[in-house]
Amino acid sequence: MPLLGCAILPHNQMVLDPTIDGAPEGILEVHEGCKAVAQVIASWEPEIVCMLTPHGISAGKSPRPGIYLTPSATGNAAAEPPYNNYELAIQIDSQISEGFLNHLGNNGVACVKITGSESPLAASEIVPLWFLRSLQLLRKAPKYMLVSLPTPIGGTSIIRSETSKDRVPDLYQFGTHLQKYLAYLPLKSAIILSGDLSHTHATSCKTPLFLPNPAWKLPISDAAAVFDAIVEKWASTLNSDFLLRDAAALVKKAVSCAFDGLVVIQAVLDKEGVAKFSKHVIARHRPSYVGMLACIFQVDRRVPYPDFTYTPPQYIE
């Protein structure tokens with residue numbers, strides 16, 4: 001059946017709770033934007049949700065995409081406070097997932113099969129899923145097809161971004177395979193991309209909770225702000241040149257774990273017919289060092305959440 005729409009949600013844990021002391025500017029805006037995106041997706045009433053994650057369980061060990069075949073997956077956003085209480089589980093449609101695995105195999109794409117009784121989830125999946133948990137309250141709650149995107153061995157954002165531009169053709173081809181498979185299914189589907197924009201913004205924030213792990217050795221780059229602005233322009237227009245030409249030229253310096261998935265989404269929408277989709281950037285900001293985007297591409301051309309405008313809450317002293 002035709003695709004209902006796609007959405008992009010960030011996965012840095014800081015977006016979960018904008019009320020934490022010292023939370024950088026912009027977190028509340030993106031948090032509210034994620035909530036709005038989730039409400040729109042729930043209104044679609046999808047029957048299968050395909051989640052694309054750049055940091056799945058297979059990402060650090062294999063360059064191949066990973067397909068989760070376990071009946072369920074569970075995890076929390078962090079092992080330590082303040083984000084360790086964000087814990088949830090999802091039901092995976094292992095039959096649908098295995099069908100996608102076979103579809104990729106028939107097209108010469110080797111994959112990692114993630115098997116067992118239950119798969120672990122990390123922040124890259126839990127954070128967007130936390131906003132989407134209202135889907136489980138639908139009359140017919142959707143199941144998930146969870147896909148770990150292909151990445152060079154190592155799987156970190158820096159390693160991924162080093163070769164993202166060179167891998168655009170393969171990523172685009174992967175997206176065409178995904179679109180073809182979802183269109184074949186007799187189910188209403190939606191695609192959710194988990195990912196953050198540039199990881200290399202300069203910041204005046206001094207609170208370790210909102211800064212990158214020093215072990216990641218993330219640089220600071222002037223390309224960060226330009227990259228994020230280009231991606232927003234792409235999301236507002238779906239003009240592929242902004243993504244596949246302009247953003248691709250900057251991703252190595254900007255460092256973005258979302259870029260690969262954006263290419264996959266571009267391919268899906270191209271195959272579906274870009275003209276069918278309305279574009280809605282709900283929130284885009286740069287809290288601390290990392291850029292975040294919450295946006296929707298949907299077949300229904302109504303404004304996705306017409307009452308949503310960001311206004312800071314009034315706190316009682």
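Just so we're clear, the structure is a prediction, and the values are computed from it rather than from any experiment. (Residues numbered from 1 in each chain as written. Predicted model: local features only at pLDDT ≥ 70, side-chain atom pairs only at ≥ 80, totals over all residues. Heavy atoms only, no water.)

(A) Highlighting the pairing of strand 11 (residues 292-298). Of all seven residues in strand 11, seven are buried; the element is thus mostly enclosed. The alternating pattern of strand 11 places Met-292, Ala-294, Ile-296 and Gln-298 and Leu-293, Cys-295 and Phe-297 on opposite faces, both of which are buried. Where strand 1 (residues 3-9) and strand 11 come together, four bridges link them in antiparallel fashion. Note on strand 11: the bridge partner recorded for Ala-7 is Ile-296. In this antiparallel pair of consecutive strands, strand 10 (residues 278-285) and strand 11, the connection spans six residues, and Ser-288 shows a positive phi of 60°. (Buried < 20%, exposed > 50% of the residue type's maximum accessible area, 1.4 Å probe, protein only. Helix = DSSP H or I, 4+ residues; strand = E, 2+ residues; numbered from the N terminus. Pairing = 2+ DSSP bridges.)

(B) Structural detail: the sheet that holds strand 4 (residues 72-76). Reading across from one edge, 5-4-7 is the order of the three strands in this open sheet, with mixed pairing throughout. Here the strands that pair on one side only, and so sit at the sheet edges, are strand 5 (87-91) and strand 7 (119-121). Shown here is a sheet whose adjacent strand axes are inclined to one another by a mean of 25°, direction ignored. As paired elements, strand 4 and strand 7 share three bridges and run parallel to each other. Each residue of the ladder has a partner; that of Thr-74, found in strand 7, is Pro-120. Strands strand 4, strand 5 and strand 7 of the sheet are contacted by helix 3 (residues 123-131), whose axis makes an angle of about 85° with strand 5. (Axes fitted to C-alpha atoms, helices over the stretch in contact; angles between N-to-C directions. Contact = heavy atoms within 4.5 Å.)

(C) Local environment of the layout of surface pockets. Roughly 800 Å³ of internal volume is contained in the largest pocket. Lining the largest pocket we find 32 residues, and of these His-11, Gln-13, His-55, Ala-123 and Trp-216 sit closest to its centre. Secondary-structure elements contributing two or more residues to the lining of the largest pocket are helix 3 and helix 4 (157-163). Size it by volume and the second largest pocket reaches roughly 220 Å³. The wall of the second largest pocket is formed by Pro-63, Pro-65, Val-109, Pro-150, Thr-151, Pro-152, Arg-167, Asp-170, Leu-171, Gln-173, Phe-174 and His-177. Here the lining of the second largest pocket is composed, by residue class, of seven nonpolar, three polar and two charged. (1 Å grid on protein atoms, 1.4 Å probe; cavity = no way out; pocket = protein on both sides within 12 Å on 5 of 7 lines; lining within 4 Å. Points joined across faces, edges and corners; volume = space filled by probe spheres on them. Nonpolar A, V, L, I, M, F, W, Y, C, P; charged D, E, K, R; others polar.)

(D) View of helix 5 (residues 168-184). End to end, helix 5 covers 25 Å across 17 residues, agreeing with the expected 24 Å (1.5 Å per residue, within 8%). Within helix 5, the full set of buried residues consists of Val-168, Leu-171, Phe-174, Gly-175, Thr-176, His-177, Leu-178, Gln-179, Tyr-181 and Leu-182. (Expected span 1.5 Å × (residues − 1).)

(E) Looking closely at unusual backbone geometry. For the bond running from Pro-81 to Pro-82, omega is 10°, close enough to zero to count as cis. The residue Lys-217 is not glycine, and still its phi comes out positive at about 55°. The residue Lys-217 is located in the loop between strand 9 (189-194) and helix 6 (223-237) in this model.

(F) Quick peek at the confidence of the model for the protein. Of the residues in the protein, 95% have a pLDDT of 70 or more, and the chain-wide mean is 92. Taken as a whole, residues 310-317 scores under 50 in pLDDT and shows four contacts with residues more than four places along the chain or in a different chain. (pLDDT = per-residue confidence, 0-100.)

(G) Quick look at the packing of aromatic side chains. The full count for this structure, using the stated rule, is seven aromatic pairs. Judged by centre distance (6.4 Å) and plane angle (45°), the ring pair of Tyr-83 and Tyr-86 falls under tilted. In this structure, Tyr-83 and Tyr-86 share a single accessibility class: buried. On the numbers, 6.0 Å between centres and 75° between planes, the contact of Phe-100 with Phe-174 is edge-to-face. Of this pair, Phe-100 sits in helix 2 (residues 94-106) while Phe-174 sits in helix 5, placing them 74 residues apart in sequence. Taking relative accessible area as the criterion, Phe-100 reaches 0% and is therefore assigned buried. Chaining the aromatic ring pairs together yields one cluster made of Phe-100, Phe-174, Tyr-181 and Tyr-184. Residue placement shows Arg-133 over the ring face of Trp-130; its charged tip is 4.2 Å from the ring centre. (Phe/Tyr/Trp six-rings, centres within 6.5 Å; stacked < 30°, edge-to-face > 60°. Lys NZ or Arg CZ within 6 Å of the ring centre and 35° of its normal.)

(H) Examining the environment of Ala-23 more closely. Looking at the element boundaries, Ala-23 is found in the loop between strand 1 and helix 1 (27-44). Residues Ala-23 and Leu-209, spaced 186 residues apart in sequence, show a C-alpha to C-alpha distance of 9.0 Å.

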